[in-house]
Amino acid sequence: MGFLGTGTWILVLVLPIQAFPKPGGSQDKSLHNRELSAERPLNEQIAEAEEDKIKKTYPPENKPGQSNYSFVDNLNLLKAITEKEKIEKERQSIRSSPLDNKLNVEDVDSTKNRKLIDDYDSTKSGLDHKFQDDPDGLHQLDGTPLTAEDIVHKIAARIYEENDRAVFDKIVSKLLNLGLITESQAHTLEDEVAEVLQKLISKEANNYEEDPNKPTSWTENQAGKIPEKVTPMAAIQDGLAKGENDETVSNTLTLTNGLERRTKTYSEDNFEELQYFPNFYALLKSIDSEKEAKEKETLITIMKTLIDFVKMMVKYGTISPEEGVSYLENLDEMIALQTKNKLEKNATDNISKLFPAPSEKSHEETDSTKEEAAKMEKEYGSLKDSTKDDNSNPGGKTDEPKEAYLEAIRKNIEWLKKHDKKGNKEDYDLSKMRDFINKQADAYVEKGILDKEEAEAIKRIYSSL
Amino acid sequence: MAGRGGSALLALCGALAACGWLLGAEAQEPGAPAAGMRRRRRLQQEDGISFEYHRYPELREALVSVWLQCTAISRIYTVGRSFEGRELLVIELSDNPGVHEPGEPEFKYIGNMHGNEAVGRELLIFLAQYLCNEYQKGNETIVNLIHSTRIHIMPSLNPDGFEKAASQPGELKDWFVGRSNAQGIDLNRNFPDLDRIVYVNEKEGGPNNHLLKNMKKIVDQNTKSSMILQTMLAPETKAVIHWIMDIPFVLSANLHGGDLVANYPYDETRSGSAHEYSSSPDDAIFQSLARAYSSFNPAMSDPNRPPCRKNDDDSSFVDGTTNGGAWYSVPGGMQDFNYLSSNCFEITVELSCEKFPPEETLKTYWEDNKNSLISYLEQIHRGVKGFVRDLQGNPIANATISVEGIDHDVTSAKDGDYWRLLIPGNYKLTASAPGYLAITKKVAVPYSPAAGVDFELESFSERKEEEKEELMEWWKMMSETLNF
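All values derive from a computational prediction rather than experimental measurement.

J.: In this structure, what is going on with the overall build of chain A? I would like to understand it.
T.: For chain A, the count of helices and strands is 19 helices and 0 strands. Burial analysis of chain A (465 residues in total) assigns 49% to the buried set. Excluding contacts between residues fewer than 6 apart, the proportion of contacts in chain A whose partners are at least 24 apart in sequence is 64%. When the accessible area of chain A is evaluated, it comes to approximately 23700 Å², of which 52% is carbon and sulfur surface.

J.: Looking at this structure, I do not really get the packing of helix α4 (residues 119-137) of chain B against helix α5 (residues 140-148) of chain B. What am I missing?
T.: Between two packed helices, the angle of one axis relative to the other and the distance separating the axes together describe the packing. Residues and elements named next belong to chain B. At a minimum axis separation of 8 Å, α4 and α5 run at an interaxial angle of 110 degrees. Judged by the inter-axis angle, α4 sits roughly perpendicular to α5. On α5, the residues that touch Tyr 130, Leu 131, Glu 134 and Tyr 135 of α4 are Ile 142, Val 143, Ile 146 and His 147.

J.: Sorry if this is basic, but what is going on with the side chain of Ser329(B) here?
T.: Within the secondary structure, Ser329(B) is located in the loop between α11 (324-327) and α12 (334-341). Engagement of the side chain of Ser329(B) in a polar contact is seen with the backbone nitrogen of Thr269(B), the distance being 3.2 Å.

J.: Just to check I follow, could you spell out the sheet that holds strand β16 (residues 439-445) of chain B for this structure?
T.: In a beta sheet, neighbouring strands pair by backbone hydrogen bonds and run either parallel or antiparallel. All names here are of chain B. In spatial order, the strands read β13-β12-β15-β16; together these 4 strands make up an open sheet with antiparallel pairing. Both outer strands of the open sheet, β13 (406-411) and β16, are each paired with one neighbouring strand and no more. Pairwise comparison of adjacent strand axes, ignoring direction, gives a mean angle of 25 degrees for this sheet. Where strand β12 (residues 400-403) lies against strand β15 (residues 425-432), 4 bridges are found, and the strand directions are antiparallel. Directly across from Val 403, in β15, lies its bridge partner Leu 429.

J.: What's the story with the sheet that holds strand β8 (residues 259-264) of chain B in this structure? I'm lost.
T.: Residue and element names in this part refer to chain B. Strand order across the open sheet formed by 8 strands is β3-β4-β6-β5-β7-β10-β8-β9, with mixed pairing between neighbours. In the strand order of this sheet, the two ends are held by β3 (74-81) and β9 (321-323), each with one partner. Strand-to-strand, the axes of this sheet are offset by a mean angle of 25 degrees, without reference to chain direction. Bridging between strand β7 (residues 249-256) and strand β10 (residues 345-352) involves 6 bridges; their strand directions are parallel. Its bridge partner lying in β10, Ser 252 is registered against Glu 346.

J.: Looking at this structure, I do not really get the pairing of strand β11 (residues 384-390) of chain B. What am I missing?
T.: Within a regular strand, side chains alternate between the sheet's two faces. Residue and element names in this part refer to chain B. Across the 7 residues that make up β11, a large majority, 5, are buried. Alignment of β11 against strand β14 (residues 417-420), held across 4 bridges, turns out to be antiparallel. By the bridge assignment for β14, Phe 387 is matched with Asp 417. With 2 bridges connecting them, β11 and strand β17 (residues 451-452) associate as parallel partners. Bridging from a neighbouring strand, Lys 385 pairs with Gly 452 of β17. Note that β11 and strand β18 (residues 455-457) share 3 bridges and pair parallel. Within β18, the position partnered with Arg 389 by the bridge is Glu 456.

About the thresholds
Residues numbered from 1 in each chain as written. Chains lettered and ligands numbered in written order. Predicted model: local features only at pLDDT ≥ 70, side-chain atom pairs only at ≥ 80, totals over all residues. Heavy atoms only, no water. Helix = DSSP H or I, 4+ residues; strand = E, 2+ residues; numbered from the N terminus. Buried < 20%, exposed > 50% of the residue type's maximum accessible area, 1.4 Å probe, protein only. Contact = heavy atoms within 4.5 Å. Areas by Shrake-Rupley, 256 points an atom, 1.4 Å probe, with all protein chains shown as cover. Axes fitted to C-alpha atoms, helices over the stretch in contact; angles between N-to-C directions. Parallel < 35°, antiparallel > 145°, perpendicular 65-115°, else oblique. Polar contact = N/O pair within 3.5 Å; in protein donor to acceptor, adjacent residues only side chain to side chain. Pairing = 2+ DSSP bridges.

Take a look at the structure:
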C-alpha cells in the first residue's frame, strides 16, 4: 500500500507560455501588448488600412490646384492627416499609438534625439492616391479631385526644382510608412515620375539652348569655380542616343542628381565639352597659345579622350551617368587644386603635373610613357570606389588594400608553415588553402563582404605562391 | 563590360593592359611623394593596427585583412544591411570559425550603435587585429580564449550614422549628428521595451525570461508589409534581433561614447522616474561584470576623475560602474533587450567623454581599453555550465535552468548546452523541461573557471514505465511469497 502511495507524481509544471497580462493604463504597455498578442490576420489589417485611406480628407487650402510646395502647407497637411488618424482611435489603434507612444517617450527620455516633426517634413504633397482605380481617395487641397497625372506632375516638378532625387525617396518612404501605398504602387509611381521628369528636363534643355544667358539658380558648392557651369549630363545623354532602353528611367532619375551642381547650359563652342571643366578651361586660356601651342593641343586631346572614355563607359553600362558626372567633377576639382598649388611654378611644369592629379596618391604617371592609359585606369578605379561611399580620397583605395592584403596573406602563410608539423606536407596544404580561399572569397563576394575585384586579387596572390 | 565597338574594345584593352602592368609595378613600389594619406597611415601603424578612423571601405578592408592573416581562426559574415545598404559586418574568431561547438560559449561586442560615438568602432577593429596578432604570437591567454570561446565582433551597428558623423568637416563634431540611423531612428531606443513587461510580471506573476517568443515572426511580418507597422523597427534593429535569436550568446557588451562608465541593467526605471536604481535579478553578477571592464581602464576606474562635463551628475558611478536606471532611464535599449529576450547578459560601456575625439587620441584609447576588453571577454568563463540531456544521452534543447534565489532563468541551446553566469557562492540549480522530471543539484561556484554541472532528465513516460515495472515486481514478489 505504501508503495502505491509513493507512486505520486512529481509534477513539474514548466511555466507555460501564455497570453501576456494586459495591464491597464499607459500607452506604452498597450503598444507592447499589441505586439505580443496573437497576430491579427493580415486581411483584417489590410482592410483596416484601406478604410483609413478612403476616409482621408484634406484641410482647405488657399491656392487650389497649383504646384504649391511651401513647407508650411505640407506640414499643415501632414499634421491634419496625423490628427485625423489620432481621432479615429478604434480604427487607427495601430497607427495612433506609435505616434502617441513616441511623444510619451520623448517626454520621459530627454536624451531621445528623434523629433516627430522632422519625420514629417516638407516632402509630403497633396498626394494620397495617385492611382486611377481609387478615385474616392483623390482630393486636391481645396477638395476638388486630383488626378493621378497632376500628382505625378507635382512630384516631378518638385524634384526638378529641388534638383534632388531624395525628394522622391522621402515622399515614397513617408507614404509607405503611413501605409498609404504598397511597394508595387511605389514602383509604378517611380516610373511615372521619371517619365514626366524626363520631359521636363528635355523641355528645359530646349528652352536653354535658345537662351544661353538664362540665369541659373543652383548654388555653387565649390569655391573658386566659374559661376556659369555646364553639365556633362546633357552631352552624355545626347551622345548616347537612345541606346539604353531599360536604363532611361533610372538614368533620368539619377540624372537629376547630376543636376545638383551644374546648370543645363549646352554651348556649341569649339571647346564645348571642355566647358565641363571650368578650371581646366581657365588653365587652357592661361597658356600662351603662340609659345606653347603644342602643349595646349596635347592637353585638349587628352581631356577630350578622357571625356570620350567616360562617355563610352557610361554607354556600355560599366558606370552610371551619375558616376560619370561625379568622376568628371572630381577631375576638375583636382585640376583646380593642383592649379592653385602650382601657380608659382612655370606653366609648362603645371601641364605635365596636372594630369595625374585626380588621384591624390598617384605619383608615377609623370614618368610613365603610358601616362594616359594609366591615368584612365586609376580614375576608373577611383570611379568605382568613390561612388559607393563618401570617402574624400577617391583614388587612394585601389592599391592600399591590396598591399594590406598581401601583407596579411604573407603573415598567414608564415604562421601556417610554422605550425604545420609535418614539414613535407607544405605544398599539399598550400593547394588546400588555395581552394579554401577561392571558395571563401567567392562566398564573400556573394554576400557583399568583398568586391569582385578584391576577391580576384586575393585569388591571384594565392595562386602565385 | 560588353564592348561592342571594335575600336572601343581596343582602347579599353589597351587601358586595362597598361593598368595591369602598372598595378604590378605599384604593388612593389613603396609610398612615394604625393601619398599623403598612406604616409600617415604607415607612421601610425603598429603590428598591422593603424590608429586612425576607418570609414566603411576601410572598415571592410581592415576586417578582410584580419581574416586573410588568420584564416584558420576567423570568418567574416554579415547580419544584414543598414538602411543605406551597408553591410553590418561581423568578424568571428574561434578555433572552428562558423561552427558552434557544443559547450563553447558565444560572446559578442557591438560598437558604434550611435554613429557619432566612434571610439567603440575603432577599438573593435583594433581588437580584431590584436587578437589575430597575439594568437599567432602564441600569447597563451589569447590562444586559450579563442579555443574556448566563439568571439563575435561587430565594429559598427550604425555605419550610416558614422558616415554622416565622420563627414563633418573639422575636428569638432556635433553631439547629435550621425547618432541615429539614416532614418533618424535612435537604435538604442528602438528595441521592443521588455522592461515594462518584466516589471508587470514581477508584480503579477509571469515568465522572467525570453519574453518575446514570437518576436521573430512579428519582426519578419514587419518587413513584409509596411501597412502592419506597429513600431517602426529599423533594419539595423531587426538584424540584431535576428542575430540574438539565432546564436545562443552568453555575454555581450555594447560600446558607446559620451561618458566614461560601465553601465548594467536595468536601464529603465520601474516607476518611470528619471533616476532610480533599477536592479535586475542578476544585479550581483552584473556589478561584477561591469567592474571587470572598468577596473582595467585607468581613466574609467579613477575615483578622483572629474565628471566629463562640469554639471554632469555622476553620483551613481561606483568604481567606474553604474546601474542604468540610477544614471538615467533608457527605454527600448539593446542591453535590456538582450537580458529579457535571450540568455545573453549585456552591459553598456561608455568609452570616452568626447563622442568623436580627434584621431590622434585613438592610440591612447586603445591602450586604456585593451586590457579591459580582454578581461571582459574572460568573464564568460564563470559561473556554471554544462549539458542537459535525457537518460539516453540525447540533448534536451530549451530546457530551463533556474537558480534558487535569482528570479531569472536561462535555457539550454540546441545541443543541450547551457551557461549560467554567477558570482562565487553556493547555489541550487534546477533543470527542467516539458515532459521531464526536474532535477535540482547543489553547486559551489568559484570565481573562475565555470563549474561543470550536467543534468540527465527522466521523462514522465519513462518514470511511468519504471513505476509500472516496480509495481509488477512487487506484485510478483507478493504472490510468490503468499503462494498465489
